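Here is what each chain is made of, one letter per residue.
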Amino acid sequence: MRSYSAQAIIEQVRIKYDEQSCGNNEMIVCPDDFDMETIIMSNISPAYRFVMLNADLSMLEGKQIEEEYKITIDDNLVGHLQLPKDFLRGITARLSSWDSSSSSIIEENSTEYRMQSDPYACGTYQHPLIAFVHTVKGKELELYKAKSKEDELRSFVYVPLPPEDISIGAQELLIPDQLTEPFIYYVAALTATTFREDVANDFFKVARSLLGLEKKKK
């Protein structure tokens, strides 16, 4: 995991444009009525969200939740974890009684979620499962299931939202090493949609290929 300033990201994107220009023997120049740096800055957060939400779990690194973060366990031994405000994507969670961590996160409108009301088909501390749900209090994770009501949260790792002020260069962005290249290519692609659709398509293709999305599409 490395930290990148907005300026460092801009420089990396410009390198991709230079490489593309060399490969095509044609200079890629942003029209005079566009400010390349401003366009790149505006696309950093959208690119980060796309890459982090679509990357395979094996490529992700995340943020460990604070130790004092508490969960509640209901009478059915389901753990309830209120999500932090900067939550973007869950990576793994574990209760103190679970035999292993779980990265299986299902949606509340899925068939798997409906199975959690079946005592013989639901997740257990031996075969844990996590559900992403919406409540009146906000978004939370349901953890199936605890071994007892005394269970505690052992770990929870998630991908945080990008800083709101990354677009003005006031913060830095943490990017897993495996995702640096697809992220930079995706920023370049989004930027190129403003003035060069053909170049944008090339960059999108490279970014998706590095993420393994082209294979999935086939």
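Residues numbered from 1 in each chain as written. Predicted model: local features only at pLDDT ≥ 70, side-chain atom pairs only at ≥ 80, totals over all residues. Heavy atoms only, no water.

1. Brief notes about the sheet that holds strand β5 (residues 87-95)
Read across the sheet, 3 strands follow the order β2-β9-β5 without closing on themselves; strand pairing throughout is antiparallel. Either end of the sheet is taken by a strand with one partner, and the two such strands are β2 (63-64) and β5. Lying over the sheet, helix α2 (residues 36-54) contacts β5 and β9 (153-160), oriented at roughly 35° with respect to β5. (Pairing = 2+ DSSP bridges. Helix = DSSP H or I, 4+ residues; strand = E, 2+ residues; numbered from the N terminus. Contact = heavy atoms within 4.5 Å. Axes fitted to C-alpha atoms, helices over the stretch in contact; angles between N-to-C directions.)

2. Some details on the sheet that holds strand β7 (residues 129-135)
The strand order across the open sheet formed by 5 strands is β3-β4-β8-β7-β6, and the pairing between neighbours is mixed. Unpaired on one side and paired on the other, β3 (72-73) and β6 (105-107) mark the two borders of the sheet. In this structure, strand β4 (residues 79-82) lies alongside strand β8 (residues 138-144), joined through 4 bridges in antiparallel fashion. The residue bridging His80 from the neighbouring strand is Glu142, located in β8.

3. A few points about the confidence of the model for the protein
When the pLDDT values of the protein are averaged, the result is 89; 91% of them are 70 or greater. Mean pLDDT across the elements of the protein bottoms out in helix α6 (residues 213-217) (68) and peaks in helix α4 (residues 180-192) (96). (pLDDT = per-residue confidence, 0-100.)

4. Digging into the pairing of β8
A large share of β8 lies buried, amounting to 5 of its 7 residues. One ladder, built from 7 bridges, connects β7 with β8; its direction is antiparallel. From the neighbouring strand, Phe132 faces β8, where its bridge partner is Leu141. Between the antiparallel neighbours β7 and β8 lie 2 residues. (Buried < 20%, exposed > 50% of the residue type's maximum accessible area, 1.4 Å probe, protein only.)

5. Side note on the pattern of salt bridges
Per the stated rule, a full pass over the model turns up 5 salt bridges. The closest approach of N and O atoms between Lys16 and Glu19, which form a salt bridge, is 3.9 Å. Here Glu19 and Lys16 lie together in helix α1 (residues 6-24), a separation of 3 residues that amounts to about one turn. Lys63 serves as the salt-bridge partner of Asp86, at 2.8 Å between the closest nitrogen and oxygen. You can see Asp86 sitting in the loop between β4 and β5 and its partner Lys63 sitting in strand β2, a full 23 residues away along the chain. Judged by its relative accessible area of 33%, Lys63 falls in the partly exposed class. If you follow the salt bridges from partner to partner, you end up with Lys16, Glu19 and Glu181 in one network. (Salt bridge = Lys/Arg side-chain N within 4 Å of Asp/Glu carboxyl O.)

6. A word on the packing of aromatic side chains
Under the defined criterion, the tally for this structure stands at 8 aromatic pairs. Through a chain of ring-to-ring contacts, the aromatic side chains of Phe87, Phe132, Phe156 and Tyr158 assemble into a single cluster. (Phe/Tyr/Trp six-rings, centres within 6.5 Å; stacked < 30°, edge-to-face > 60°.)

7. Details of the environment of Thr38
Of note, Thr38 is situated in helix α2. On a C-alpha basis, the gap between Thr38 and Phe132 in space is 35 Å, while along the polypeptide they are 94 residues apart.

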